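Now for the letters of each chain:
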Amino acid sequence: MADTIELVPDASDPETYFLNMGPQHPSTHGVLRIRLHLEGERILSADPIIGYGHRAHEKMAENRDYLQFLPNSSRIDYLSGMIYNLAYCQAIEHALELEVPERAQIIRIICGELNRISSHLLWLGTFVLDLGGFTPFLYAFDDREKILDILDSITGSRLTYCYGRFGGVTMDVDDVFLRRTADFCDYFKTRLNEYHELVTDNVIYQHRTRNVGVISTELIQDYALSGPVLRAAGVAQDVRKDEPYGGYERFDFDVPVGDRGGDCFDRHTVRMEEMVQSMRIIEQALACIPDGPIMAPKVPKRIRPRAGDYYFAVESARGHFGIFITSDGSDVPVRNKLRTPSFVNVSTMPVVLPGTMLADTVAVLGSIDIVVPEIDR
Amino acid sequence: MGKVSVSELAQNIASMEGIAMADEGDIAKGCQHLYRSALATLRPVATLCKQSGYHLEHITCLDLRSDEGGCMRLAYQFNRQGAPDRHLLHVDLDPGSNGVTISDLFRGADWYEREVFDMHGVVIDDHADLRRLLMPEDYVGHPLLKDFTDEDPERHILAAPMPAPEAKDEG
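Just so you know, these numbers come straight off a predicted model, no measurement behind them.

**Examining the pattern of salt bridges**
Inspection of the entire model under this criterion finds 43 salt bridges over all chains. Glu243 of chain A is the salt-bridge partner of Arg86 of chain B, the closest N and O atoms lying 2.7 Å from each other. Taken together, the residues Arg86 of chain B in the loop between strand S5 (71-79) and strand S6 (87-93) and Glu243 of chain A in the loop between helix H10 (239-242) and helix H11 (264-288) connect one chain to another. Between Arg318 of chain A and Asp369 of chain A there is a salt bridge; the shortest N-O distance is 2.7 Å. Here Asp369 of chain A lies in the loop between helix H14 (358-367) and helix H15 (372-376) and Arg318 of chain A lies in the loop between strand S6 (308-316) and strand S7 (319-327), a separation of 51 residues in the sequence. A residue is classified by how much of its surface remains accessible, and Arg318 of chain A, at 1% relative accessible area, is buried. The network of salt bridges with common partners includes Glu58, Glu62, Arg335, Lys337 and Arg377 of chain A together with Glu115 and Lys146 of chain B.

Structure representation (structure tokens):
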């Protein structure tokens, strides 16, 4: 396909035409628009146009104090809201040098990993749905529902959690929660085999995803890719391993990588394996959860980090999520920059999409697991 | 992509002309190194980082015009894969002056620079395609400036109220 990329897009050429994909296309999973220049069904150039879901989170952060921004944090990415909510709490704790009690740390890890599984399940369901397979979608949503119920029982919400607090978590977990989580892990292991039979081994699925949308290693440094997209390209990088935060250093888990050079199928296998690893973390966490307080004893009433810059990164379900806070020592940050993984992943599309077929756009977009509110913030 | 040791890159950057090290009291928690750079030194530093196998983590802009010696500050953050070694670069610009692109060195800088232009109004010289990124292309103003007010607040309000639906005959 390499020779097709050399074709120069020429708008005056009657053989080529422009097509808007989105902003209301079902497989853009939100309001993302991609302006495609096509020759027949082959893509000559792609220009993602973003911002349809821009909600000015960064501006809002500059107009309210640190605590008031907390409910915003899970709305940056509503599919792994728990991870983003806890990430913001941890960023503030990092700035204030607050120690979080061990029990709260373990609870956070259990909730975060449950949320990661639910996010990957939604990805699996909608991705296969994009490619024309309806049944796995119902299976995935059924299982995701079980996770949402478990998280609902302690947080009181299903998507946009506000469970973290600076210094701990709002509510303690009870034995019912722990038992339900353990039961879910047992159940989900048998379920994963079904997913492999239903999806991974499906010949049509393999044909749609293999050698499609290759994100090669040369793009990695150029774009600073992260998350499953990076790991599918064969780089074992994970913020949880490289700079462990919030107690991840005490758990034993592997970082799965792809072995096919970073195509859509690699991203599938990496995410499937990540769910297994998340379960490993949850099971270890359930075995070692200690008794004790869930809030740090001395959390300042007014959050005022000393003047300066603070950067804190976590591994979200989509990759490296970084929070860059600049404080001037007052109640309100000067700047709260959100470095989101989907933003980076989508910005590679002008390079990745040209040369592929129009129908593969759906596969490529689906496989990088975009969440549009996270791109637009 | 020759890897250099942590201190080697830091020393190389620190020895460049136009680089000032951070003061004793400056905080850049989470970043291992903090420098203040002249605009002319930005591209040489970025080139050095790229050659050392580092990637660009993000670019952001801060509106510090109300501070003493007010400026628009561009913050560039470079990191490497594996164990983190973050180099944070502050480039202070006089209000109204332009930045310079590094998107030819790091293609990922393309959208970050467009975002800086869109949100803070800092024009980035030599950028191949400096369009707005998040706001509509006909938008007026730059929302993340501290003195931002919507110059056209009625833009999103319908010009005429929606006509009431006609009453249907009952029965």
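**Focus: the packing of aromatic side chains**
All names here are of chain A. Inspection of the entire model under this criterion finds 17 aromatic pairs over all chains. On the basis of an interplanar angle of 55 degrees and a centroid distance of 6.4 Å, the ring pair of Phe188 and Tyr195 is categorised as tilted. With respect to class, Phe188 is no different from Tyr195; both count as buried. An aromatic cluster is built from Trp123, Phe127, Tyr205 and Phe265, whose rings are joined through pairwise contacts. Over the aromatic face of Phe253 sits the side chain of Lys241, whose NZ or CZ is 4.3 Å from the ring centroid.

**Topic: the confidence of the model for chain B**
Residues and elements named next belong to chain B. In this model, chain B carries a mean pLDDT of 81, and residues with pLDDT of at least 70 account for 85%. When pLDDT is averaged over each element of chain B, helix H3 (residues 109-120) comes out on top at 91 and helix H1 (residues 6-14) at the bottom at 74. Among the prediction metrics, the complex's ipTM stands at 0.85, with pTM recorded as 0.86.

**Details of the interface of chain A and chain B**
Counting residues at the interface gives 44 residues for chain A and 46 residues for chain B. Together, the buried faces of chain A and chain B total about 3,700 Å²; carbon and sulfur atoms form 54% of this surface. Together, Gln221, Asp222 and Tyr311 of chain A form the three largest contributors to the area buried by chain A at its contact with chain B, with a combined 19%. Our count for the chain A to chain B interface comes out at eight salt bridges. Between Arg131 of chain B and Asp47 of chain A there is a salt bridge whose closest N-O contact spans 3.0 Å. The interface formed by chain A and chain B holds 20 residue pairs in polar contact (both at pLDDT 80 or more) in total.

**Regarding the pairing of S5 of chain B**
Residue and element names in this part refer to chain B. Counting buried positions over the nine residues of S5 gives nine, a clear majority of the element. Residues Cys71, Arg73, Ala75, Gln77 and Asn79 of S5 are buried on one face, and the alternating residues Met72, Leu74, Tyr76 and Phe78, pointing to the opposite face, are buried as well. As defined by bridge partners, strand S4 (residues 55-64) adjoins S5 across nine bridges and the pair is classed as antiparallel. Note that in S5 the partner of His58 across the bridge is Gln77. As consecutive antiparallel partners, S4 and S5 are separated by six residues, and within that stretch Gly69 has a phi angle of approximately 60 degrees, a positive value. Where S5 and S6 come together, seven bridges link them in antiparallel fashion. Paired with Ala75 across the two strands is His90, which belongs to S6.

Scoring rules and cut-offs
- Residues numbered from 1 in each chain as written.
- Chains lettered and ligands numbered in written order.
- Predicted model: local features only at pLDDT ≥ 70, side-chain atom pairs only at ≥ 80, totals over all residues.
- Heavy atoms only, no water.
- Salt bridge = Lys/Arg side-chain N within 4 Å of Asp/Glu carboxyl O.
- Helix = DSSP H or I, 4+ residues; strand = E, 2+ residues; numbered from the N terminus.
- Buried < 20%, exposed > 50% of the residue type's maximum accessible area, 1.4 Å probe, protein only.
- Phe/Tyr/Trp six-rings, centres within 6.5 Å; stacked < 30°, edge-to-face > 60°.
- Lys NZ or Arg CZ within 6 Å of the ring centre and 35° of its normal.
- pLDDT = per-residue confidence, 0-100.
- Contact = heavy atoms within 4.5 Å.
- Buried area = accessible area lost by both parts, 1.4 Å probe.
- Polar contact = N/O pair within 3.5 Å; in protein donor to acceptor, adjacent residues only side chain to side chain.
- Pairing = 2+ DSSP bridges.

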